[in-house]
Amino acid sequence: MDFTLSDEQRMFADTAKALFGRTCTPEHWRRQMESGAAHDPERWQAIVDNGLTVMLLPEQSGGLGLAEVDFMLIAEAAGYCCLPEPLVESAAVAAPMLAAMLPQAEVLGDPGARIAIGHPVNPFVTDAPTAAVLLLHHEGDAYLVDPQDVRLTPRTSIDPFRRLFVVEWTPARSRRLGAADWDLALDRAALFAAAQGLGLAQRAVDLAVTYAKEREQFGKPIGSYQAVKHLLASAQVGIEFARPVVFAAAADICHRDLPARARVSHAKIVALEAADQAARTSIQVHGAMGYSWEVDVHLLLKRTLALTHSWGTPGFHRTRVAERLFTRPCGPDQTFARETEYA
Amino acid sequence: MELRYTPQQQAFRAEVRAWLADHVPAEPLEHFDATRAGFEAHRAWEATLKSGDWGMVTWPREYGGRGLDLIEWLIFEEEYYRAGAPGRVNQNGIFLLGPTLIEFGTSEQKARFLPPMASGEEIWAQAWSEPQAGSDLAAVRATASRAGDGGQDGYLLNGHKIWSSRAVFADWAFGLFREPGSERHKGLSLIFFPLDAPGVTVNPIRKINGHVGFAEIFLENVRVPAFNRLGDEGQGWHICMATAGFERGLMLRSPARYQVAASRLSALWQAHRASADPALEAEVVRAYMNADAYALSIYMTASKLIAGAKIGPEASTNKIFWSELDIQLHRTALAILGPLAEMLPEPGEHAWLDDYIFALAGPIYAGSNEIQRNIIAERMLGLPR
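Throughout this document, residue positions are counted from 1 along each chain, in the order its sequence is written. As a convention, the first chain written is A and the first ligand written is 1, with the rest following in written order. A pLDDT threshold of at least 70 governs which residues receive local features in this predicted model, and a stricter bar of 80 or more applies before side-chain atom pairs are shown or counted, although totals over entire chains, interfaces and linings include all residues. Side-chain numbers come from the whole structure's heavy atoms, not from hydrogens or water.

### Focus: the overall build of chain A
Regarding its fold elements, chain A presents 11 helices and nine strands. As a reference, a globule follows 2.2 Å times the number of residues to the power 0.38, and the radius of gyration itself is taken over C-alpha atoms. The globule rule puts the C-alpha radius of gyration for 343 residues at 20 Å, and the 20 Å found for chain A is close to it. Projected onto its principal axes, the C-alpha coordinates of chain A cover approximately 70 × 55 × 35 Å. Taking all 343 residues of chain A together, the buried fraction comes to 63%. We call two residues contacting when some pair of their heavy atoms lies within 4.5 Å. Relative to all contacts within chain A whose residues are 6 or more apart in sequence, the contacts with residues 24 or more apart total 71%. The protein chains shown are the only cover counted for residues, whose accessible areas, like all others here, come from Shrake-Rupley with a 1.4 Å probe. Of the roughly 13,600 Å² that chain A leaves accessible, carbon and sulfur atoms contribute 51%. Numbering of helices and strands runs from the N terminus, with a helix taken as a DSSP run of H or I at least four residues long and a strand as a DSSP run of E at least two residues long. Exposed residues in this analysis have more than 50% of their type's maximum accessible area, buried residues have under 20%, and partly exposed residues fall in between, with area computed by a 1.4 Å probe over protein chains only.

Quick look at the structure:
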């Protein structure tokens, strides 16, 4: 029983944090928002060069064969920097799903190629036009579709870096891959949305702390007042009690049982609640500045809003936790229990 | 990261479970804060625990423990709460002072105080707060003056302590005393005194549940040997903060306590679902998630400590989380009970109301949640004082 991370896991996380910290600064956000560019090719190339797009691919598909627990900190770092590129959905949800069905798929041979996924739980496909292929759902089956062969209608997200599309297509004229594990894709996406939530939350708190140390009112930094301190402390408590759940969910997901699914759902609920609380707190601590376009906190709020309601709403995920609570043994000896051990 | 118990840990769980099944009293004991008889029944239970070497499993064998690690302690606690075993009347000793003694005590002090602590022969109370020193603990006024020439005769203790849990029936107390003339965090020492020593007067204080669970203590020229001082003179504040770290960070409130309560809440909901407000289901799920999150967080903390880290200011987040989850959980239970909520329990019924009233103390004791939020803001987030 051990929650500590390995040196390799920490090393990958440090690499990702340094890379995002260097290539995805608030100045980069601003430039991208002004130019209207969804992606930054240089940044994406650096992500690819550091192996982040192939971590969760099996070795036979040219990947590193790592597990969700290895990618969790990468997703957290992506959240912290509000990464515009769809690294998480493409490399940690769509690509492993495709590899499980078609390990030798041509697109998997290019670590820079992005795969967009149309999951039945989501009304939109994000980043469809810039994807090399689309992985689409029809009656339980997965189809591998060329973006040229579909009709895309853009929808505008409040998150300036998310590109949403309604996809119209004809399954009969597309390549059918067969029955797909849509549940695993949902669990992975929910888990990594939770991990991004941790990063978003901490960034929101960090921005507010920096501001509260500098901004003075009544002759003192506002961060010296307890009313401000307590808001930020409460936001930090939310983060501290979401993180262990995200870690445990990442370690559990491979078991594919109800306790594992419930823990992923728990992680998704509380990590994005922590992000929501932190973002709203951060806006409040920034005062009128926090309500301005100029201060960056609104980007965190918007990403949090998008992730909260995609890949299963809080209500959807709460239902899964309730199912685990009401149909399986609970109690202090059941924290790490598995269904195979219930017999 | 490996979230599975080893075969040895599983065997340990089975051993604890079997022993508890054979020894836990069939009928609940009278509360240790309610009467002297209830207190002594709990002391007898501590002796029974000691007979199986279960007094405090993490302590070294020579002091009455089993030399086990924190994961095994958590397993023990899980089985303990699962079995519905009696509350630990000596929690101030075994969970707070004990770990502090192990860190700061001399080998003579450990040999003197730990074994009777593990066996319940000596039950401890905490004597920190004073009428003018609550959240502002560094404002304590009680003094320890050196007795005799050069202090070879130990100390004379004088002052007024208050809100001391268990002090009405306990044998010993550990308190914070200052060198006369010293101020604030300087000149403080942590000193033990017997509650029946000449010059000690204990007055019970009734709590909102009617129990006389805490007390005020008057000390008038109470003579104690220098042996009763833990750590160096003037090191009291530092030691006190270490104790508070154990208290808030790990030992005072086992996750198992809340996991048992969350399971009980789930059963209550399922029994009343047909007639209760459907919106309460989300609150029941929330209570379960909170208890689970707290357990996972404590396993994470234990992993860090086993890997060599120390408990830091993040201990304050724990205290806020468990105290608030306890209130949310019990408010939900009372909402499910609806018009039955105000009714004192009949024999054999679970005392939701008692647990709710007790939960209300959580944000106050062990350092109020407002103080914890200050600690988080200043020491975790680095905001200015």
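### Thoughts on the interface of chain B and chain A
On the side of chain A, 46 residues touch chain B, which itself brings 53 residues to the contact. Here the quantity called buried area is the total loss of accessible area, with a 1.4 Å probe, experienced by two parts when brought into contact, counted for both. Buried area between chain B and chain A, summed over both chains or domains, comes out near 4,600 Å², and the portion from carbon and sulfur atoms is 71%. Should a side-chain nitrogen of Lys or Arg be within 4 Å of a carboxyl oxygen of Asp or Glu, the pair is scored as a salt bridge. Where chain B packs against chain A, one counts five salt bridges. The shortest N-O distance in the salt bridge between A:Asp333 and B:Arg17 comes to 3.0 Å. Polar contacts here mean pairs of N or O atoms no more than 3.5 Å apart (in protein, one a potential hydrogen donor and the other a potential acceptor; neighbouring residues in sequence count only if both atoms are side-chain atoms). Put simply, chain B and chain A have 18 residue pairs in polar contact (both at pLDDT 80 or more) between them.

### So, empty space enclosed by the protein
The distinction between a cavity and a pocket rests on a 1 Å grid over the protein atoms alone: a 1.4 Å probe fits inside a cavity but cannot get out, while a pocket stays open yet meets protein on both sides within 12 Å along at least five of seven lines, and a residue with an atom within 4 Å of a point counts as lining. Grid points are joined across faces, edges and corners, and a volume is the space filled by probe spheres set on the points. Tallied over the entire structure, the rule returns five cavities of 30 Å³ or more. By volume, the largest cavity is sized at about 250 Å³. Around the largest cavity, the lining is made up of 21 residues, and of these A:Glu85, A:Pro86, A:Glu89, A:Arg162 and A:Gln196 lie nearest the centre. Of all the elements in the fold, those that place two or more residues in the lining of the largest cavity are helix 4 (68-80), helix 5 (87-101), helix 6 (182-214) and helix 10 (297-309) of chain A. Note on residue categories: nonpolar means Ala, Val, Leu, Ile, Met, Phe, Trp, Tyr, Cys or Pro, charged means Asp, Glu, Lys or Arg, and polar means any other residue, Gly included. The class makeup of the residues in the lining of the largest cavity is 13 nonpolar, three polar and five charged. Of the voids in this model, the second largest cavity is the one considered here, and its volume is about 100 Å³. What lines the second largest cavity is a set of 13 residues, and nearest its centre among them are A:Pro259, A:Arg263, A:Arg324, B:Tyr288 and B:Asp292. Of all the secondary-structure elements, those providing two or more residues to the lining of the second largest cavity are helix 9 (258-286) and helix 11 (314-327) of chain A together with helix 8 (280-306) of chain B. Sorting elements by how many residues they give to the lining of the second largest cavity places helix 9 of chain A first, with four residues. Within the lining of the second largest cavity, the residues separate by chemical class into five nonpolar, three polar and five charged.

### Re helix 11 of chain A
A helix is expected to span 1.5 Å for every residue after the first. With 14 residues, helix 11 of chain A should reach 20 Å at 1.5 Å per residue; the first-to-last C-alpha distance of 20 Å fits that figure. Inspection of helix 11 of chain A places A:His317, A:Arg320, A:Val321, A:Ala322, A:Arg324, A:Leu325 and A:Phe326 among the buried residues, and these make up the whole buried set. Of the surrounding elements, those touching the buried residues of helix 11 of chain A are helix 6 and helix 9 of chain A together with helix 7 (255-272) and helix 8 of chain B.

### Observations regarding the packing of aromatic side chains
All names here are of chain B. The pairing test for Phe, Tyr and Trp rings, Trp by its six-membered ring, is centres within 6.5 Å, and the orientation test on the planes gives stacked under 30 degrees, edge-to-face over 60, and tilted for anything in between. With the rule as written, the count across this model stands at 31 aromatic pairs over all chains. With 6.1 Å between their ring centres and 55° between their planes, tryptophan 19 and tryptophan 54 make a pair best called tilted. Highlighted residues: tryptophan 19 in helix 1 (residues 7-23) and tryptophan 54 in the loop between helix 2 (36-51) and helix 3 (70-82), separated in sequence by 35 residues. Considered together, tryptophan 19 and tryptophan 54 belong to a single accessibility category, that of buried residues.

### Overview of the environment of B:Ala197
All names here are of chain B. Locating alanine 197 in the fold gives a position in the loop between strand 5 (188-194) and strand 6 (200-205). The buried category is assigned to alanine 197, whose relative accessible area is 11%. In the structure, alanine 197 is positioned 103 residues away from isoleucine 94 in sequence and 22 Å away in space, judged by C-alpha atoms.

### Points about the nonpolar core
By size, the foremost hydrophobic cluster in this structure holds 175 residues, and its most contacted members are A:Phe20, A:Phe71 and A:Leu87. A:Phe71 has contacts with A:Leu52, A:Met55, A:Leu56, A:Leu87, A:Val88, A:Ala92 and A:Phe192, leaving out every residue within four places of it along the chain. The next biggest cluster of nonpolar side chains, apart from the first, holds 26 residues, and it includes B:Ala142, B:Leu157, B:Ala173 and B:Phe193. In these notes, a set of buried Ala, Val, Leu, Ile, Met, Phe, Trp, Tyr and Cys residues joined through side-chain atoms within 4.5 Å is what counts as a nonpolar core.

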